[in-house]
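Listed here are the chains, written in short residue letters.
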Amino acid sequence: MKISEPGNQLLVSASNENTNNIQNEELLLSIDGISSPEIQVELEAEALDNNEGENQNGEDEEAEDNEDEGVIHNNKRKKTSFVWQHFKEVKLSNGIVKNQCVHCKRKYAVTDSKATSQLNRHLKNNCPGYRKMMLAKQKKLNFPQSNSAEHPNVIGPMLVTPGGKYDHARQREATSHWLMMHEHSFSIVEEFGFLLMMKCNNTSYEKIGRKTLKSDCLKVYEAEKKKLKASLKDVSKISLTTDLWKSQNQKIEYMVITDAIFKCLIEWGIESKIYSISVDNASYNDSCLRTLKDMISRHRKLLCGGKLFHVRCCAHILNLLVQDGLGEIAGTIENIRESVKFINQSEARLRTFSDIVQQLQLPGRKLILDCPTRWNSTYQMISIALHFKEVFPRFQDREPNYRYLPNHEEWEKVEKIAEVLQVINCATNIISGSEYPTANLYLAEVFRIKLILDEAVSSGPFFMKEMAAKMKLKFDKYWSECNLLMAVATVLDPRCKLTGLKMCFQQIYGQEATRNMTLVHQILTEMYQEYVILSNEQEGSTSSSASGESSINSTMQSSNSSQTGWSIMINFVKDEEAVPALKSELETYLDEPKYFQREHDVTSFSALEWWKVNRGKYRILSRMAADVLAIPISTVASESTFSAGGRVIDTFRSSLSLTTVEALICGGDWLRVFYGLRNKSKVEDSSVEIALPI
């Protein structure tokens, strides 16, 4: 056993010999109050004493066995004692063999029993060379290199230089990254438990104050902001999502003033690159974006005159639909919620409920208690409770205090409404993906919701007709006008094109479907022409797919004032006949057959990947498709980021400045992306899963 002491820690290296292999193990032990170098040597000597006793006993027993058996062994016994690492046998000139210390060259006689006690005492008390070696060894910090980094951006050892010196500057940087990524408070680095943990990990650790840490976080934020600004210089179009948020005890709304948003765009140097902005359906957002649209239009021309600039959040619209539907069965939902709470209040009730489930041989193994403010968790609660609707009446027979049992009619209502909510829940899961789904996925989900609402209105029970009518009224309020972004994105999906758009429009808009189809085709053509002009300006050449209007203008400019209108028209016709008309990329794309994937899972298809593969064929149209498909049609990811505001600016930290709040929220999000960490759920209230003891 080999023991070394780095500072106030002991690094114990032990060798375990097995029959097939030898394993080396290292244990890092923390010892408080040890600072004297002599402790190291005493521990080493104690290990030597133990080794000496074992070797002496082993040698004596072996000698006795050999004497009894009368066997003479010619082969030398393998030396396993620790002391032979520091001694060697030397033969003197007179032929006598002695043991010589490799450190001080002192010689000791070889005993007949080959005992090592004398050699152990020499290393323990008398050898200055061995003592000097041990003192030098204990001053070195043993930080083994990591050969299994969890992320390529994490390089180890991070806090120790190649020479073994502790790097406090790197420790401060790592601590600031940790605090921003995981949203801790500044004062956590001054807590006793944190200091104890860091001291146990590295005795050279130096305390970091909260003011120092705050300053480090601001520096990290500025450095990451500078990197992001540099990367945005090469980006031509940017689509934004925004949301309004405020702290718990302040009356300030940070992102409601249009001027503040525009100043932010100017600060980042992207005021001329804004492609679209996605917001929820609040009325103040409409007025805000109208003003912002006018301000941006002064700097550059918006695409299609700004028809795609304002994008409404689809997830927010679906949430409004669901709230109207759940309001019809609010009393029943409350009974189910109270039933789950009643069962979960004691282990005996939960066991009784589980026994009934087993008797009926039902497959369910859990209940869910919802968060009332999140409708998807309410849907999960009622859908699982439906599996146990036969259990609740029997549970009431055994529990006389249970008074929340829904009747048969209420269970029927829940079952019918759950069918509608299931469709909306699936659509929400697609729309609200944390990894932004492309915009071509939305129209099909909206079509499915419209279809099930129409079925409920026409053929459902009376209460379902009333509920579906309210939901359909809300649906028509927001989608009675053609959503150009969803429509254009659907056409740019090579699996759908205009055929898929026609099917959805006939269901959603009815008699207005033809007019809306014509409008979408006009917008597509207008967008494509703008991209052609932009491409020509960037390349400095005239594209073969230039519009007829450009040809007319060039013909008129080349003519002199003496020509008549008839001669100008004839010259234009000759020019058109001389050069055969070429189809534009948009026309070629729409005329070609649809793309059908071999896999059955339609959600595995990536429209962006398809356009990337075919960008050689559609040089201009592929750019347009990439820009349109990347527009976020939901602000859910934005709300997820800003919902952290409630935890960053809580009642105990409401004095944080705006600069500090911005650094913590934005910097933390950037660092999570840098290290490849997924955003954890920022919703504090979540559903509770109750496992049945079966």
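This one's a predicted model, so the numbers in the text were calculated from it and none came from an experiment.

What counts, and where the lines are drawn
Residues numbered from 1 in each chain as written. Predicted model: local features only at pLDDT ≥ 70, side-chain atom pairs only at ≥ 80, totals over all residues. Heavy atoms only, no water. Helix = DSSP H or I, 4+ residues; strand = E, 2+ residues; numbered from the N terminus. Buried < 20%, exposed > 50% of the residue type's maximum accessible area, 1.4 Å probe, protein only. Contact = heavy atoms within 4.5 Å. Areas by Shrake-Rupley, 256 points an atom, 1.4 Å probe, with all protein chains shown as cover. Pairing = 2+ DSSP bridges. Axes fitted to C-alpha atoms, helices over the stretch in contact; angles between N-to-C directions. Phe/Tyr/Trp six-rings, centres within 6.5 Å; stacked < 30°, edge-to-face > 60°. Lys NZ or Arg CZ within 6 Å of the ring centre and 35° of its normal. pLDDT = per-residue confidence, 0-100. Expected span 1.5 Å × (residues − 1). Core = buried A, V, L, I, M, F, W, Y, C linked by side-chain atoms within 4.5 Å. Parallel < 35°, antiparallel > 145°, perpendicular 65-115°, else oblique. Nonpolar A, V, L, I, M, F, W, Y, C, P; charged D, E, K, R; others polar.

**Quick word on the overall build of the protein chain**
Link 1 in the chain: Scanning the protein chain for helices and strands turns up 27 helices and eleven strands.
Link 2 in the chain: A buried classification covers 40% of the 694 residues belonging to the protein chain.
Link 3 in the chain: A fraction of 70% describes how many contacts in the protein chain between residues 6 or more apart in sequence connect residues 24 or more apart.
Link 4 in the chain: By element, 51% of the accessible surface of the protein chain is carried by carbon and sulfur atoms, the whole surface being about 39,400 Å².

**Here's the deal with the sheet that holds strand 7 (residues 238–241)**
Link 1 in the chain: The strand order across the open sheet built from three strands is 7-8-9, with neighbouring strands paired in parallel fashion. Pairing within the sheet leaves two strands with one partner each, and these edge strands are strand 7 and strand 9 (310–312). Taking the axes of each pair of neighbouring strands and ignoring which way they run, one obtains an average angle of 25° across the sheet.
Link 2 in the chain: Sheet topology note: the strand 7/strand 8 (residues 274–279) ladder contains four bridges and is parallel. Its bridge partner being in strand 8, T241 is matched across the sheet by S278.

**Some remarks on the sheet that holds strand 5 (residues 97–101)**
Link 1 in the chain: With respect to topology, three strands assemble into an open sheet ordered 4-5-6, the strand pairing being antiparallel. Either end of the sheet is taken by a strand with one partner, and the two such strands are strand 4 (87–91) and strand 6 (107–109). The sheet shows a mean angle of 40° between the axes of neighbouring strands, direction not considered.
Link 2 in the chain: As paired elements, strand 5 and strand 6 share three bridges and run antiparallel to each other. Bridging across to strand 6, K98 finds its partner in A109.
Link 3 in the chain: Packing against the sheet, helix 2 (residues 117–126) makes contact with strand 4, strand 5 and strand 6, and its axis sits at approximately 150° to strand 6.

**Notes on the packing of aromatic side chains**
Any aromatic ring pair is given by two values, namely how distant the centres are and how the planes are angled relative to each other.
Link 1 in the chain: Using the criterion set out here, one finds 24 aromatic pairs in the structure.
Link 2 in the chain: Note on F395 and Y402: the rings are 5.4 Å apart at their centroids and 70° apart in plane angle, and the pair reads as edge-to-face.
Link 3 in the chain: Ring geometry for F505 and Y509: centres 4.9 Å apart, planes at 90°, overall edge-to-face. Linking F505 with Y509, this pair stays in helix 18 (residues 497–509), spanning four residues, or about one helical turn.
Link 4 in the chain: On the accessibility criterion, Y509 (12% relative accessible area) is buried.
Link 5 in the chain: Feature note: the residues F342, F353, F388, F392, F395, Y402, Y404 and W411 constitute an aromatic cluster, connected by ring pairs.
Link 6 in the chain: Between K229 and the ring centre of W268, over which it is positioned, the NZ or CZ distance is 5.9 Å.
Link 7 in the chain: Of note, K497 hangs over the ring of Y589, and the distance from its end group to the ring centre comes to 4.4 Å.

**A few points about the environment of L671**
Link 1 in the chain: Among the structural elements, L671 can be located in helix 27 (residues 658–674).
Link 2 in the chain: Judged by its relative accessible area of 0%, L671 is buried.
Link 3 in the chain: Remark: the alpha-carbon pair of L671 and V220, spanning 451 residues in sequence, is separated by 9.4 Å.
Link 4 in the chain: Other than its neighbours up to four places away in sequence, L671 contacts H177, M180, M181, V220 and E224.

**Let's talk about the confidence of the model for the protein chain**
Link 1 in the chain: Predicted confidence across the protein chain gives a mean pLDDT of 76, with 72% of residues reaching 70 or more.
Link 2 in the chain: Scored below 50 in pLDDT, residues 541–552 makes 15 contacts in the model with residues more than four places away or belonging to other chains.
Link 3 in the chain: Overall, residues 554–559 carries pLDDT values under 50, and its contacts beyond four positions in sequence, including any with other chains, amount to five contacts.

**Concerning the side chain of E445**
Link 1 in the chain: With respect to the helices and strands, the residue E445 is situated in helix 15 (residues 442–459).
Link 2 in the chain: Filtering out sequence-adjacent residues up to four positions away, E445 remains in contact with A427 and I430.

**Some details on helix 4 (residues 168–182)**
Link 1 in the chain: Taking 1.5 Å of rise per residue, the 15 residues of helix 4 would be expected to cover 21 Å, and the 21 Å separating its terminal C-alpha atoms lies within 8% of that figure.
Link 2 in the chain: Of the residues making up helix 4, those classed as buried are H168, R170, Q171, T175, S176, H177, L179, M180 and M181.
Link 3 in the chain: At its buried positions, helix 4 is contacted by helix 5 (192–201), helix 6 (210–232) and helix 27.
Link 4 in the chain: Phi for E183, located one or two positions after helix 4, is positive at around 60°.

**Thoughts on the nonpolar core**
Link 1 in the chain: Counting 107 residues, the largest nonpolar core has F353, F388, F505, V520 and M527 as its most contacted members.
Link 2 in the chain: When residues of this core are assigned to their parent elements, the largest contribution, ten residues, is made by helix 14 (residues 408–431).
Link 3 in the chain: Listed in part, the 41 residues of the second largest apolar core include Y166, I188, L213 and Y675.

**Overview of the packing of helix 4 against helix 6**
Link 1 in the chain: In the contact formed by helix 4 and helix 6, the axes pass within 9 Å of each other and the chain directions differ by 80°. Considering the angle they form, helix 4 stands roughly perpendicular to helix 6. Touching R172, T175, S176, H177, L179 and M180 of helix 4 are T212, L213, D216, C217, V220 and Y221, all from helix 6.
Link 2 in the chain: A class-by-class count of the residues in the contact of helix 4 with helix 6 yields six nonpolar, four polar and two charged.

**Concerning unusual backbone geometry**
Link 1 in the chain: The phi torsion at K105 lies on the positive side, around 65°, for a residue other than glycine.
Link 2 in the chain: What makes K105 partly exposed here is its relative accessible area of 47%.

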